[in-house]
Amino acid sequence: MYGARAIITSPQVQADFPSNCPITSTCGGLAYVGVLDAFGSTRDANGNAVAAHPYYEGAFINAAGITNPLEVTTIVSHEVGHNAGLNHAGLIRPNQPTLDYYSGTGNWGPIMGTPYNRALSQWTQHSYSGANNDNGPDLPILANNGIASRADDTGQTLGTAVPTGWTTRAGSITAPTDQDLWSLGRCTGTVTITATPSTYSTNLDVSLTLYTEAGGTPIPLASVDPASGQSGSGSSLRATGVSATFTQPGRGATYYALVRGSASGPDGGYGNLGPYTLNASCAGASLPPATFVPPAGPSFTDVPTSSTFHGQIEWLSAQGVSTGYDNGNGTKRFEPSAAVLREQMAAFLARYADASLSVPETSPFTDVASSHVFLSHIAWLAGTGVSTGYANGDGTFSFRPGQPVLREQMAAFLYRLAGSPSVPPSSACSFTDVPSNHVFRTAICWLAANNISTGYADGTFRPGQPVLREQMAAFLFRYDAAGLPVP
Ligand SMILES: [Ca+2]
Ligand SMILES: [Ca+2]
Ligand SMILES: [Ca+2]
């Protein structure tokens, strides 16, 4: 282990180093570079052999150059950074000499530049626009010169997440790759999670995600990372948008909170390091975290744990909504890529709603025989108003049980299942292929507003495409996670 001493002084450092640190506010401090772990010897001014570390030690901070208390943190970090091997973070400018010290942009600046009046000063990987990047990322240099990262406090997998429960605790982001998964336990009620970095001179802008677990797979439910900025100036300068909070209906599942550094910012979030406070509360019935026991294996031969919807399909199976198809050898398959038929959808929704079923004396639909295996499910669906079928023109109706369910129809079914709630105007509803006069627009916008389906990366919803069975699992899972009602 090594040590570094930061000495905040004015007259002495200026007297000892008049050319390097004149009496002017432009000198923040002075330090030797890369001496923190300098063992061995060197020669002093009189030519005598002396131990190197004590001789070079001391990062001097010029008190006369400090205009407010918050700058102490930045300047101490900067000068000790020199002791630990770092050179300045500069800026390449077109048709001008390279700036030795980069002051930063917006609320961000590199510690080894001059990030005064920037609320987020950070170690840098020199990926900001115009970086001179003479030496490579800061953190490996610090590590090679005696300042290693702190030990991590929790893992990022279900098996290594530290059980913490519904409480307040301290954590720390210790590396750009650090992700802290905390095991919270079960909650039936409203889940509220907050992650907050230090108030003064934080280096950390957090990103927070709530996970649940199904079939041994973590499934994200909600994620938040507000855009960061700053407010105030001088000693009241504060970073804004660096904490994260949200509430979510808890349905009795096991919940996890993931805290990591935001990936946004001029330097890709590299320097998002430091302590935070995690507060997790459950307004309702809760249970502390239990030891995570990985399942013996996937339930379906065609849904390996690596598949995107593995967790949601395991959940669907555990709920008894779909038990899959028998392979004839004691195993089962799910056929995740097959389209959901309308008769299957009736069965899924009836089972999910825990409906009390009865076989009607006469079928409500001309194309659903009294011997149809899902007659009671289809009759229930019709009775709830979720699907009234197609008019035959003679006062009778058909259900078209063997037709695939289209995405726009699924939106309508789930929307009606939830009781046709009013839809708040939502910016989430900007699908390029769902015009304002689309017959199912209200249902599709509601689906998006509840994060049940947010469409495709290209901005489309693809309303006319069939719903695949794996997608149906995901839709119902999110419907459930959103705490939506059933008839
Ligand atoms: Ca950590
Ligand atoms: Ca971690
Ligand atoms: Ca943020």
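Residues numbered from 1 in each chain as written. Chains lettered and ligands numbered in written order. Predicted model: local features only at pLDDT ≥ 70, side-chain atom pairs only at ≥ 80, totals over all residues.

Under an unreviewed UniProt entry, the name given to the protein chain is SLH domain-containing protein, and the organism recorded is Aeromicrobium alkaliterrae.

Caption draft 1: Quick look at the environment of A473. Examined against the element boundaries, A473 turns out to sit in helix α10 (residues 469–481). A473 gets classed as buried once you count the C-beta atoms within 10 Å, which come to 28. It is 23 Å that separates the C-alpha atoms of A473 and G185, two residues lying 288 residues apart in sequence. Aside from chain neighbours lying at most four places away, what touches A473 is F309, Q312, I313 and L316. (Helix = DSSP H or I, 4+ residues; strand = E, 2+ residues; numbered from the N terminus. Buried ≥ 20, exposed ≤ 12 C-beta atoms within 10 Å, placed from the backbone. Contact = placed C-beta atoms within 7 Å.)

Caption draft 2: Representation of the UniProt feature "domain: SLH" (unreviewed entry) in the protein chain within the structure. Per the UniProt record, the feature "domain: SLH" (unreviewed entry) sits at residues 296–360, 361–428 and 430–487. Between the end C-alpha atoms of residues 296–360 the distance is 41 Å, and the span holds 31% helix and 6% strand. In residues 430–487, the share of helix is 38% and the share of strand is 0%. The end C-alpha atoms are 29 Å apart. (UniProt positions renumbered as here; feature names shortened; annotations may be inferred.)

Caption draft 3: Expanded view of the sheet that holds strand β2 (residues 29–30). Spatially, three strands are ordered β1-β5-β2 in an open sheet, and the strand pairing comes out mixed. Lying at the two open borders of the sheet, with one neighbouring strand each, are β1 (6–9) and β2. Here two bridges tie β2 to strand β5 (residues 59–62), and the two strands are oriented antiparallel to one another. Residue pairing across strands places L30 opposite F60, the latter belonging to β5. Contacts from helix α3 (residues 70–83) reach β1, β2 and β5 within the one sheet, and its direction differs from that of β5 by about 150°. (Pairing = 2+ DSSP bridges. Axes fitted to C-alpha atoms, helices over the stretch in contact; angles between N-to-C directions.)

Caption draft 4: Looking closely at helix α6 (residues 342–352). With respect to burial, α6 is a largely interior element, nine of its eleven residues being buried. Of the surrounding elements, those touching the buried residues of α6 are α7 (375–384), α8 (407–417) and α10. Positioned one or two residues after α6, D354 has a phi angle of 55°, which is positive.

Caption draft 5: Here's a closer look at α3. Here α3 is 14 residues long and its end C-alpha atoms lie 21 Å apart, about the 20 Å a rise of 1.5 Å per residue gives. Taking burial as the measure, the 14 residues of α3 include twelve buried ones, the bulk of the element. Those residues of α3 that fall on the buried side of the exposure criterion are L70, E71, T74, I75, V76, S77, H78, E79, V80, G81, H82 and N83. Of the surrounding elements, those touching the buried residues of α3 are β1, β2, β5 and β7 (120–122). Immediately beyond the C-terminal end of α3, within one or two residues, lies G85, with a positive phi of roughly 100°. (Expected span 1.5 Å × (residues − 1).)

Caption draft 6: Region of interest: the pairing of strand β11 (residues 206–214). For β11, the tally of buried residues reaches eight of nine residues, placing the bulk of the element in the interior. Of the pairings in the sheet, the one linking β11 to strand β12 (residues 217–224) comprises seven bridges and is antiparallel in character. Bridge assignment links T212 to a residue of β12, and that residue is I219. Connecting β11 to the next strand, β12, in antiparallel fashion are two residues, including G215 with a positive phi near 60°.

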